[in-house]
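# A closer look at the structure
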Amino acid sequence: MATQSKAQFLTDAYTLLRRRYKPKGEQDSARLSVLKAVVYGICHEDTTRENANQALSRFKDGYFDWNEVRVSDIDEIRESLAGIPDPEERAKRIRKFLRQLFNRTYGFNLDALAKKPLKEALKVLQTYEAFSSDYVTATVIQQALGGHAIPVDHETHRALERLGITEATIPELRAVLERAVPKNRGAEFLDLIEDLANDTCVEGEPDCARCELRKMCPYAIARKEHEAAARSAGKVRPSKEREKEIESPRPAPAQDGPSTTASPKKSTPARVAKEPPPAKPSPRSKQNPK
Ligand code: SF4
């Protein structure tokens, strides 16, 4: 798909998804702090934004400050990640980030970076291990640094792939999306693709019949064509077989020797010997025995 047609395709998809999922514009609210955006990114990857928001709320309500999270056991941090897949691994990443941050700055505030040019801010942030994840990096750019980024995780990647938007790597795919979707729609577009991936474009067999994009989605179109071909092959096969039989009628049963076929209707040698041979069937009755 050419870049221009990708942009048009994604605009059309955005319009249809917006009609279906009716976003409430929660993404228009204030930016997150850089620290919160890192934690949000770690929590949000491959799960819903509701789960990630709940985790942020639990950290806010359950701890005095981020330093308390830094010195907590992994099991305690895990409790704040209830409902999120791989909580232990995420708890370790969050605590590691807080420890790195404290060791370098003796504090928990990175917001001065939000005032710097994006490239400069990223150069500093990418020295933290948490930023080895492209998803976390893109989340921080979008949610805290005011840049244009569309984070892609496995869930959104699956839906985009079925829609025919594919690239060799996630950063390349992200670059395509960021060119095609304007910055002021980036966050909402991401929410809509997430809704799609969690509603109809689920893992395993997608529920295309319920999907707003089924008329434009290459996966759904190919699936429909395949099903139609299978249905039509199921109907056509018997008549083709009949045609074959008509073109090559079976030889008439031999009347003076044993039958060469296993058909029980054929005369046995004993019957031939004791009874008069049956009337020779007409060619029609041989072709269509009824
Ligand atoms: S039509 Fe099916 S495959 Fe395509 S996006 Fe919708 S659910 Fe996914």
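Residue numbers here run from 1 along each chain, matching the order of that chain's written sequence. Owing to the predicted nature of the model, reporting of local features is limited to residues with pLDDT of at least 70; listing and counting of side-chain atom pairs is limited to 80 or more, with chain, interface and lining totals taken over all residues.

### Digging into the overall build of the protein chain
Counting from the N terminus, the helices are the DSSP runs of H or I reaching at least four residues and the strands are the DSSP runs of E reaching at least two. The helix and strand inventory of the protein chain stands at 14 helices and 0 strands. In sequence order, the secondary structure elements of the protein chain are arranged as α-α-α-α-α-α-α-α-α-α-α-α-α-α. Buried residues in the protein chain amount to 27% of all 290 residues. In the protein chain, the proportion of contacts linking residues at least 24 apart, taken out of those at least 6 apart, comes to 67%. Burial in this document is a count-based property: other C-beta atoms within 10 Å of a residue's C-beta are tallied, and the residue is buried at 20 or more, exposed at 12 or fewer, or partly exposed in between, with C-beta positions derived from the backbone. Whether two residues are in contact depends on their C-beta atoms, placed from the backbone: they are in contact if these lie within 7 Å.

### Side note on the nonpolar core
Side chains of a nonpolar character, in soluble globular proteins, are inclined to be buried together. Take the buried Ala, Val, Leu, Ile, Met, Phe, Trp, Tyr and Cys residues, join any whose C-beta atoms are within 7 Å, and the set you get is a nonpolar core. Membership of the largest hydrophobic core comes to 58 residues, with the highest contact counts inside it found for Val38, Cys43, Ile94, Val140, Ile150 and Ile193. Residue ranges assigned to the domains are those given by an automatic or database domain assignment. Both of domain 1 (1–26 + 149–232) and domain 2 (32–145) provide at least three residues apiece to this core. When residues no more than four places from it in sequence are discounted, the contact partners of Val140 are Val34, Ala37, Val38, Gly41, Leu125 and Leu145.

### A closer look at the packing of helix 2 (residues 34–44) against helix 6 (residues 87–105)
Note on geometry: axes are C-alpha line fits, over the in-contact stretch for helices, and angles between N-to-C directions span 0 to 180 degrees. Where helix 2 meets helix 6, the axes come as close as 10 Å, and the angle between the chain directions of the two elements is 165°. Classified by the angle between their axes, helix 2 and helix 6 sit roughly antiparallel to one another. Between helix 2 and helix 6 the crossing geometry is right-handed. Counted together, Val38, Val39, Ile42 and Cys43 of helix 2 and Arg90, Arg93, Ile94 and Phe97 of helix 6 form the full contact between these two elements. Taken together, the residues of the contact of helix 2 with helix 6 sort by class into 6 nonpolar, no polar and 2 charged. Roughly parallel refers to an angle under 35 degrees, roughly antiparallel to one over 145, roughly perpendicular to one between 65 and 115, and oblique to any angle outside these ranges. Crossing handedness is defined as follows: a turn of the near helix away from the far one that is anticlockwise and smaller than a right angle gives a left-handed crossing, while the clockwise case is right-handed. Any residue outside Ala, Val, Leu, Ile, Met, Phe, Trp, Tyr, Cys, Pro, Asp, Glu, Lys and Arg is labelled polar, Gly included; the first ten of those are nonpolar and the last four are charged.

### As for the site of the ligand
As a rule, any residue with its backbone-derived C-beta atom within 6 Å of a molecule or strand is reported as near that molecule or strand. As a matter of local geometry, the ligand sits amid 14 residues, with Cys201, Cys208, Cys211, Cys217 and Ala220 nearest to it. Elements supplying a minimum of two residues to the shell around the ligand: helix 9 (154–162) and helix 12 (218–247). When grouped by side-chain class, the residues that make up the shell around the ligand number 10 nonpolar, 1 polar and 3 charged.

### Structural notes on the environment of Gly146
With respect to the secondary-structure elements, Gly146 resides in the loop between helix 8 (134–143) and helix 9. Residues Gly146 and Leu32 lie 114 residues apart in sequence; the distance between their C-alpha atoms is 9.9 Å.

### Considerations on unusual backbone geometry
One non-glycine residue with positive phi stands out, namely Asp46, at about 65°. Here Asp46 falls in the partly exposed class, since 15 other C-beta atoms lie within 10 Å of it. For Asp86, which is not a glycine, the phi torsion comes out positive at approximately 50°. Within the secondary structure, Asp86 is located in the loop between helix 5 (74–79) and helix 6. A count of 14 C-beta atoms within 10 Å places Asp86 in the partly exposed class.

### So, the packing of helix 9 against helix 11 (residues 183–199)
Helix 11 packs onto helix 9 with a crossing angle of 85° between their chain directions and a minimal axis gap of 9 Å. It follows from the interaxial angle that helix 9 and helix 11 lie roughly perpendicular. Residue-level contacts link Glu155, Thr156, Arg158, Ala159 and Leu160 of helix 9 to Ile193, Glu194, Leu196, Ala197 and Asn198 of helix 11.

### Re helix 2
Residues spaced three or four apart along an α-helix point in a common direction, a consequence of the helix completing one turn every 3.6 residues. Judged by how many residues are buried, helix 2 sits mostly within the fold: 9 of 11 residues are covered. Of the residues making up helix 2, those classed as buried are Val34, Ala37, Val38, Val39, Tyr40, Gly41, Ile42, Cys43 and His44. In the stretch just after helix 2, Asp46 is the one whose phi turns positive, near 65°.

### Observations concerning the confidence of the model for the protein chain
This prediction gives the protein chain a mean pLDDT of 83; 77% of its residues lie at or above 70. Per residue, pLDDT measures the predictor's confidence, with a range of 0 to 100. Confidence, read as mean pLDDT per element, is least for helix 13 (residues 269–274) in the protein chain (36) and greatest for helix 2 (98). In the model, residues 238–243 has pLDDT below 50 throughout and makes 0 contacts with residues more than four positions away in sequence or in other chains. Segment residues 245–290: pLDDT under 50, and 20 contacts once partners within four positions in sequence are set aside and those in other chains are kept.

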